[in-house]
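Take a look at the letters that make up each chain.
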Amino acid sequence: MRVALQVTCINDALFPDTGKAVVTLLRRLGVEVDFPAAQTCCGQPMVNTGYVAEAVPAVRAFVDAFASYDAVVTPSGSCAGSARHQHRIVAERSGDPGLVRAVAETSPKVYELTEFLVDRLGLTDVGASFPHTVTYHPTCHSLRMLGVGDRPRLLLEQVRGLRLVDLPRATECCGFGGTFAMKNADTSIAMGSDKARHVRSTGAEVLVAGDNSCLMHVGGLLSRQRSGVRVMHLAEVLAAQEGVA
Amino acid sequence: MSTFVGMPAFPTAARAALADTQLRHNLAHATGTIRDKRARVVAEVADWEDLRTAGAAIKDRTLHDLASYLVQLEESLTRAGATVHWARDAAEANAVVAKVAKAHGVDEVVKVKSMATQEIGLNEALAEEGIAAWETDLAELIVQLGDDLPSHILVPAIHRNRAEIRQIFRDRMAAVGRPAPDDLTDEPARLAEAARLHLREKFLRAKVAVSGANFAVAETGTLVVVESEGNGRMCLTLPEVLVSVVGIEKVVPTWQDLDVFLRLLPRSSTGERMNPYTSTWTGVTPSDGPQEVHVVLLDNGRTRALADEVGRQALRCIRCSACLNVCPVYERVGGHAYGSVYPGPIGAILNPLMKGVGVDAQTDSLPYASSLCGACYEVCPVKIDIPSVLVDLRAQVVDAHRGGVPSATDVAMKGAATVFASGRRLGVAERFARLGTRAAAKLPLAAAWTGARDLPTGPRESFRAWWKRTRGGTT
């Protein structure tokens, strides 16, 4: 099985540790993973802002980079959702039947990390150790667009030393929403403040989620509040082997 | 009476609403209560997903052949003794209602809660003709007495708490009818009693009533109103003349189809297994109820929405407001910020679809008034994929403005299109971006982010550069 990492543009530029964690984790599980350097962005920032034509080059780059692989793994529910649900729309609007065909072949091979671990590899225990109190925020696109369900929880429950505490109103959006965070900054911050309040009420040391964009938003608020709660991508928790000799 | 005319674009209106702590508290409490009730009663129905699918399919089938179902409805209504009027827009619909009222020489009408008549500004139009339109739904009464605007489809006074309502009743009832009792408290039962006493004299006096309809059954020409308080039943049965303003998308082919919606609506809307009052009437029944029945079939932008390939699913909407109650944006800013009688997620798509985009900044701001979290789609009883329609409308807004002076977003997106065309270009851009990050954080645009949120400092090396250097080998 030829597996490619779609690291996502935001992880590439701002959160490379998440990409490195996916590589570490998959190699530990015996999966050889490649990073095709031709990849750029899934195109979601453009599509969700209304610039569909501007997303065409990104979607083209996506299918060019990943067409030859058996599976594409991405540490982002949002980008996986974009590839599986929006690429078809962008391709159809482009009027290029070749792109429509390429998208139809590539999109179904895109897996969000927890889907790949649980469904393709059949694993919930990935050999991780992370002795901390953690609360988990299910991001909207992983929850409602992809339907990852309880896969992240099944994985977290098997991590040695990890204590998982429930997040109140967990399924409510954190308020990031891509360009929503800027175009409607006041509403975004109001939503994020409530999310941060719920996170703090759990007493957890670490807020974990499967999308760094959402974590950048909630984490930015928690940091500004000097809350002492840090945010961490799920991939980094699953890659961790703290205290393992 | 206030109107939404001249409302600012969503971000500005939202900013003001977010600062209203009483509003925030009222909304969080009220939406939370309805949300939980809905979740409980929906969980009781084993075939809920099948019902949703059936509801969506019936609406799609009807919309696909809307013209013939409307003609069938008109024939059935006419056969049953009703007079059918067709209204292209608000002005035509308002003129019909005013003409009927004037023909009977009345200076007042009683009203059943109706979204269609709010959409067309009927009360204001009748006021200009010297006709008072009395709202008889409790929450609409609160809004009307308070010279206020509705902020929710189902519970239009959701932004008011009971202390505020008591004050409105004490201050305003006397000017338009029976005053509130001197010893009125803010207990719900006492407030309801005051409203009942105030309204009763209007019910008994009115010769003309105005309603909308939740559904219109084409095969028999039957209109249906679903309600909780019984005020609708009073208006539909006591007056001599009844005028109903009905959006053309309200038609359902048969009673069998209606059954699906009567099961979907109450659980989605009020979180009840069944609503207290379901009134149905078929034209005129001799010596029983109104003896003159008019039905105004209203377009007012609905055919525009129907022509929108992605957006036409919005016409499935049965106005339950489940999407409002689960929306994290609505919960925080309330309904007024949307600048329309249709607020929340459904309003963010219905208004642009019915009015068209590229005309005014307020309407163009609505498709962006969402984080695209998808909670609305999950609860919609007729499966309207609101996030997908929002994204499609954003593209329409952008396309409507292409060719003018490029905005900052236009420039950024054009730049993104170029950079994201190849991995090599992105790699180069990342190297420059790292140099510019600290400087960029000081730009005015960045303040939208950094006003309340810290920015990540950014790594020394991108993932791409790390992979190139190590092939993913060592850190």
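Residues numbered from 1 in each chain as written. Chains lettered and ligands numbered in written order. Predicted model: local features only at pLDDT ≥ 70, side-chain atom pairs only at ≥ 80, totals over all residues.

Focus: the domain arrangement of chain A
Size of an interface: often given as the accessible area lost when the parts come together.
Residue and element names in this part refer to chain A.
Next up, step 1: The domain architecture assigned to chain A consists of domain 1 (3-120) and domain 2 (133-239).
Next up, step 2: The distance between the C-alpha centroids of domain 1 and domain 2 comes to 22 Å.
Next up, step 3: In this complex, domain 1 contributes 26 residues to the contact, which on the side of domain 2 involves 21 residues.
Next up, step 4: Here the side of domain 1 that touches domain 2 takes six residues from helix α2 (residues 16-28), the largest share from any one element.
Next up, step 5: Among the residues making up the side of domain 1 that touches domain 2, the classes are represented as eleven nonpolar, twelve polar and three charged. (Domains from an automatic or database assignment. Contact = placed C-beta atoms within 7 Å. Helix = DSSP H or I, 4+ residues; strand = E, 2+ residues; numbered from the N terminus. Nonpolar A, V, L, I, M, F, W, Y, C, P; charged D, E, K, R; others polar.)

Observations concerning unusual backbone geometry
Residues and elements named next belong to chain B.
Next up, step 1: Its identity as a non-glycine residue notwithstanding, L372 has a phi of 60°, on the positive side.
Next up, step 2: With phi around 55°, R471 is a residue other than glycine that occupies positive phi space.
Next up, step 3: Within the secondary structure, R471 is located in the segment after α23 (463-470).

Notes on the environment of K195 of chain A
All names here are of chain A.
Next up, step 1: Tracing the backbone shows K195 in helix α11 (residues 185-202).
Next up, step 2: Residue K195 is classed as buried on the basis of its 27 C-beta neighbours within 10 Å.
Next up, step 3: In this structure the C-alpha to C-alpha distance between K195 and L167, which are 28 residues apart in sequence, comes to 9.2 Å.
Next up, step 4: Those residues within four positions of K195 in sequence are excluded, and the remaining contacts are C174, G175 and V218. (Buried ≥ 20, exposed ≤ 12 C-beta atoms within 10 Å, placed from the backbone.)

Some points on the sheet that holds strand β7 (residues 206-209) of chain A
Residues and elements named next belong to chain A.
Next up, step 1: Spatially, the four strands line up as an open sheet ordered β6-β5-β7-β8, and their pairing is parallel. Since the sheet does not close on itself, it has two edges, and those belong to β6 (163-165) and β8 (230-233), each with one partner. Within this sheet the neighbouring strands show an average axis-to-axis angle of 35°, counted without direction.
Next up, step 2: Bridge count for strand β5 (residues 133-136) against β7 is three bridges, and the pairing is parallel. Of the residues in β7, the one forming a bridge with V134 is V206. (Pairing = 2+ DSSP bridges. Axes fitted to C-alpha atoms, helices over the stretch in contact; angles between N-to-C directions.)

Regarding the interface of chain A and chain B
Next up, step 1: Contacts between the two partners involve 53 residues from chain A and, on the opposite side, 52 residues from chain B.
Next up, step 2: Taken together, the elements giving at least two residues each to the side of chain A that touches chain B come down to α1 (9-13), α2, α3 (44-49), α4 (52-66), α8 (140-146), α10 (180-183), α11 and α12 (212-224) of chain A.
Next up, step 3: Residues that form the side of chain A that touches chain B fall into these classes: 31 nonpolar, 14 polar and eight charged.

Some words on helix α12 (residues 255-269) of chain B
Residues and elements named next belong to chain B.
Next up, step 1: Between its first and last C-alpha, α12 extends 21 Å over 15 residues, near the 21 Å set by a 1.5 Å rise per residue.
Next up, step 2: All of the buried residues in α12 are D257, L258, V260, F261, L264, L265, P266, R267, S268 and S269.
Next up, step 3: Lining the buried residues of α12 we find α2 (21-43), α3 (48-64), β5 (215-217), β6 (222-227), β8 (251-252) and α14 (322-326).
Next up, step 4: One or two positions beyond α12, positive phi appears at G271, with a value near 75°. (Expected span 1.5 Å × (residues − 1).)

Topic: the sheet that holds strand β3 (residues 132-135) of chain B
Residue and element names in this part refer to chain B.
Next up, step 1: Pairing in this open sheet of six strands is parallel, and the strands run β1-β10-β7-β4-β2-β3 from one edge to the other. Each edge of the sheet is formed by a strand with only one pairing partner; in this case those strands are β1 (83-87) and β3. Averaged over all pairs of adjacent strands, the angle between strand axes in this sheet comes to 25°, irrespective of strand direction.
Next up, step 2: Strand direction decides the pairing type here: strand β2 (residues 108-111) and β3, joined by four bridges, are parallel. Bridging from a neighbouring strand, V110 pairs with W134 of β3.

Digging into the packing of α11 of chain A against helix α1 (residues 10-18) of chain B
Helix-helix packing is characterised by the crossing angle of the two axes and by the distance between the axes.
Next up, step 1: At a closest axis distance of 8 Å, the pairing of α11 of chain A and α1 of chain B adopts a crossing angle of 40°. Relative to α1 of chain B, α11 of chain A is oriented oblique. Counted together, D186, T187 and A190 of chain A of α11 of chain A and P11, A14, R15 and L18 of chain B of α1 of chain B form the full contact between these two elements.
Next up, step 2: Of the residues assigned to the contact of α11 of chain A with α1 of chain B, the class counts are four nonpolar, one polar and two charged. (Parallel < 35°, antiparallel > 145°, perpendicular 65-115°, else oblique.)

Quick look at the environment of W281 of chain B
Residue and element names in this part refer to chain B.
Next up, step 1: Turning to its location among the elements, W281 is positioned in strand β9 (residues 277-281).
Next up, step 2: On the neighbour-count criterion, W281 (23 C-beta atoms within 10 Å) is buried.
Next up, step 3: Once the C-alpha coordinates of W281 and T237 are considered, the two residues, 44 residues apart in sequence, prove to be 9.5 Å apart.
Next up, step 4: Among all residues touching W281, those that are not within four sequence positions of it are T222, L223, L236 and G289.

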